[in-house]
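# Inside the fold
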Amino acid sequence: MGKIIGGILGNFSGKVGNVVGGSWKGIGTLRAYNPVVSNPKTNAQVFNRDRFSIITAMASDILSTVIKPCWDRFAVQMSGYNYFCSVNRNCIDGALEFSFGDFKLTSGKMLSIASLVHSMVGADHKFTFSTACVDKFQQPTDLLYYAVINDKGVVVTSGGGTVARSVGSLTVKAADIDGYAPGTLAIFVSFMRADGSVVDSSCMGSFV
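The structure reproduced in this document is the subject of the present report. A quick note: this is a predicted structure, and the numbers were derived from the prediction, not measured. (Residues numbered from 1 in each chain as written. Predicted model: local features only at pLDDT ≥ 70, side-chain atom pairs only at ≥ 80, totals over all residues. Heavy atoms only, no water.)

## A short note on the overall build of the chain
Selection criterion: A run of DSSP states H or I qualifies as a helix once it reaches four residues; a run of E qualifies as a strand once it reaches two. Both are numbered from the N-terminal end. Only protein chains enter the calculation, and the probe is 1.4 Å; a residue is then buried if its accessible area is under 20% of its type maximum, exposed if over 50%, and partly exposed in between. Every residue pair with non-hydrogen atoms within 4.5 Å of one another is taken to be in contact. The protein chains shown are the only cover counted for residues, whose accessible areas, like all others here, come from Shrake-Rupley with a 1.4 Å probe.
Helix and strand content of the chain: three helices and eleven strands. By the burial criterion, 35% of the 208 residues in the chain qualify as buried. For the chain, the share of sequence-separated contacts (at least 6 apart) that also reach a separation of at least 24 residues comes to 61%. As displayed, the chain offers around 11,500 Å² of accessible surface, 55% of which is attributable to carbon and sulfur atoms.

This is the structure:
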């Protein structure tokens, strides 16, 4: 039995006749009742499911370190998790290959850093970036978020810690990527205002 929530013109939950009422993100929804659930497997549908599985696995790996702080507050009528997946779904091509150049760890109106310069400090990997603030949004106190990924997913990630723009560099410990050939990895670095109000679009760097 359906339950009317706000009077005859209000939302309702449950099933009334052939209509099912519910709520999504606080928005009242209506849909036709369909007791038969099909599971078609056309090539396009299988590809979309496989592509979605790859992106959602990556989203799960960076959920707490990047998505919650850097995507949630900018998503409109969807979660930051879904927003991230929507932006990055086209990173997977028709052969289910990952396109590093199309991936966005974050996406925002703050100008991203221009480049990441790689060097070795012992066995560790150091990435140096400019500390200059070149647009009206950038600040020396902006906090750094990053993820090291390969074509299968996230290898290591961190975010919102003590590394600020003014530090000018990030070090990835050799132990964090042990077992991966540097040529198969890419690093994505983003900055977010310390108060969380503005984020940039990530910059990609190479380990070689």
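From this point, the narrative continues.
## Here we look at the side chain of Ser201
By the element assignment, Ser201 lies in the loop between β10 (186–192) and β11 (203–206). Residues contacting Ser201, with those up to four places away along its chain left out, are Thr106, Ser107, Gly108, Met110 and Ser112.

## Notes on unusual backbone geometry
Residues other than glycine seldom take positive phi values, yet Gln77 does so here, at roughly 55°. Within the element layout of this structure, Gln77 appears in the loop between α2 (63–70) and α3 (80–88). Among the residues examined, Gln77 registers a relative accessible area of 53% and is labelled exposed.

## Describing the pairing of strand β5 (residues 117–121)
Put simply, the rule is: Strands are labelled as partners when DSSP assigns at least two bridges between them.
Of the strand pairs in this sheet, β5 and strand β6 (residues 124–128) are connected by five bridges, and their pairing is antiparallel. Bridge pairing in β6 links Ser119 to Lys126. In this antiparallel pair of consecutive strands, β5 and β6, the connection spans two residues, and Gly122 shows a positive phi of 65°.

## Some words on the packing of aromatic side chains
The condition that has to hold: When two rings of Phe, Tyr or Trp (its six-membered ring) have centres within 6.5 Å they constitute a pair, described as stacked for plane angles under 30 degrees, edge-to-face for angles over 60, and tilted for the intermediate range.
Going through the model one piece at a time under the given rule, you end up with eight aromatic pairs. Ring plane angle 80° and centroid distance 5.0 Å describe the contact between Trp71 and Tyr83, whose orientation is recorded as edge-to-face. Residue Trp71 is located in the loop between α2 and α3, and its partner Tyr83 is located in helix α3; the two are separated by twelve residues in the primary sequence. Consider the rings of Phe103 and Phe188, whose centres lie 4.9 Å apart with planes at 75°: the pair is edge-to-face.

## Observations concerning the pattern of salt bridges
The cut-off we apply is this: One speaks of a salt bridge when a side-chain nitrogen belonging to Lys or Arg is within 4 Å of a carboxyl oxygen belonging to Asp or Glu.
Taken as a whole, this structure holds four salt bridges when the rule is applied. One salt bridge in this structure joins Lys68 and Asp72, with 3.7 Å as the shortest N-O distance. Residue class for Asp72 comes out partly exposed when judged on its relative accessible area of 30%. A salt bridge links Asp142 to Arg165, with the nearest nitrogen and oxygen atoms 2.7 Å apart. Of this pair, Asp142 sits in the loop between β6 and β7 (143–150) while Arg165 sits in the loop between β8 (153–164) and β9 (169–172); the two residues are 23 residues apart in sequence, bridging distant segments of the chain. Overall, the relative accessible area of 0% leaves Asp142 in the buried class. Given a relative accessible area of 0%, Arg165 falls into the buried group.

## Focus: the environment of Arg193
Which entries qualify depends on this criterion: In protein, a polar contact requires one atom able to donate a hydrogen and another able to accept it; more generally it is a pair of N or O atoms within 3.5 Å, and residues adjacent in sequence count only if both atoms are side-chain atoms.
By secondary structure assignment, the location of Arg193 is in the loop between β10 and β11. Overall, the relative accessible area of 13% leaves Arg193 in the buried class. Through-space distance from the C-alpha of Arg193 to that of Gln138 is 7.4 Å; in sequence the pair is 55 residues apart. Arg193 has contacts with Met110, Lys136, Phe137, Gln139, Asp142 and Val198, leaving out every residue within four places of it along the chain. Side-chain polar atoms of Arg193 contact the backbone oxygen of Phe137, separated by 3.1 Å.

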